[in-house]
Amino acid sequence: QDGLKQCLADFRQQLAWVERLDVTLGPVADPVFQSASTSDAVDPENDFQREMSFYRQAQAAVLEALPRLRKLQVPTRRPDDYFAEMAKSDQQMQKIRQKLKSKQEAMERSEKAKQLRAMRKYGKKVQVEVLQRRQKEKKNMLNAVKKYQKGLSDKLDFLDEEQTSSQGNKKGNASQRTKKGPNAKRRYKNQKFGFGGKKKGSKWNTKESFNDVSSFQSKVAHNKSLGKGGRGGKGAKKVLNKRPGKRARQKMKNRAR
């Protein structure tokens, strides 16, 4: 024990910190989890966790030592002609980069899955609300019908609402049709051949046409001058003096007897 104490006294030197530059700190707090990752929580077989632990610990040392060096007026920036090889190979750095990239992609997929789940929950909630509202409206309608049948109510409100809504839809459709007008093909034909006017209902009688008897002809009306083709002329006399048929003549003979 005395020998160990003697060796420890030999190792210990009362030198300034700028001569020793020793910084012993734990890893800096992780901004994601808001806590300092301990050495027990790091899996030594996990390359990503091990490298991140080294990185956090070096970051904490830099945050502690850099202000002290500036206070002692020690230059901390690397000279322009400084050259040093990296301690880690390019393969190791590429492996770390791929690990970080895969972790970022996994986080993005997890976030998208969360958003999809939230959207499904919201859609299901809206669907349930719509079904509940429809069931409530149906229940109110049945209650209103029962009250009307029992004589407790003299009107059905939902029928009035449906009628007003249907009238509003008809008006909206009519206004849309009037605003829309004929299509391009119809407009082209109207421009080329002209518009013949209203066809439907053109032969209907009106009050004025019913009272107007100026074009009335009694001979035509009583079939006095009808000839061939329904017109007065040479065929009218032939139609009136036409000889009856054989069956008609036989009947006339039987009547005479």
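Residues numbered from 1 in each chain as written. Predicted model: local features only at pLDDT ≥ 70, side-chain atom pairs only at ≥ 80, totals over all residues. Heavy atoms only, no water.

Here is the rule: UniProt positions are given in the numbering used here, feature names are shortened, and annotations may be inferred rather than shown by experiment.
The protein chain appears in an unreviewed UniProt entry as EBP2 protein from Callaeas wilsoni. As its UniProt record puts it under Function (unreviewed entry), the protein chain is described as follows: "Required for the processing of the 27S pre-rRNA." In UniProt, the protein chain has this text filed under Subcellular location (unreviewed entry): "Nucleus, Nucleolus".

### Some points on the pattern of salt bridges
Pairing is possible between side chains of opposite charge, provided their charged atoms come close. Which entries qualify depends on this criterion: By salt bridge we mean one thing: a side-chain nitrogen of Lys or Arg within 4 Å of a carboxyl oxygen of Asp or Glu. Secondary structure follows DSSP: runs of H or I at least 4 residues long count as helices, runs of E at least 2 residues long count as strands, and numbering of each begins at the N terminus. Three exposure classes are used, based on accessible area relative to the maximum for each residue type with a 1.4 Å probe and protein chains only: buried under 20%, partly exposed in between, and exposed over 50%.
Tallied over the entire structure, the rule returns four salt bridges. For the salt bridge of K88 with E51, the shortest nitrogen-to-oxygen distance reads 2.5 Å. Of this pair, K88 sits in the loop between α3 (47-71) and α4 (90-150) while E51 sits in helix α3, and the two are 37 residues apart along the sequence. Assessed through its relative accessible area of 36%, K88 is described here as partly exposed.

### As for the UniProt feature "coiled-coil region" (unreviewed entry) in the protein chain
Within the UniProt annotation, "coiled-coil region" (unreviewed entry) is assigned to residues 86-113. End C-alpha atoms of residues 86-113 are separated by 40 Å, and the span's content is 86% helix alongside 0% strand.

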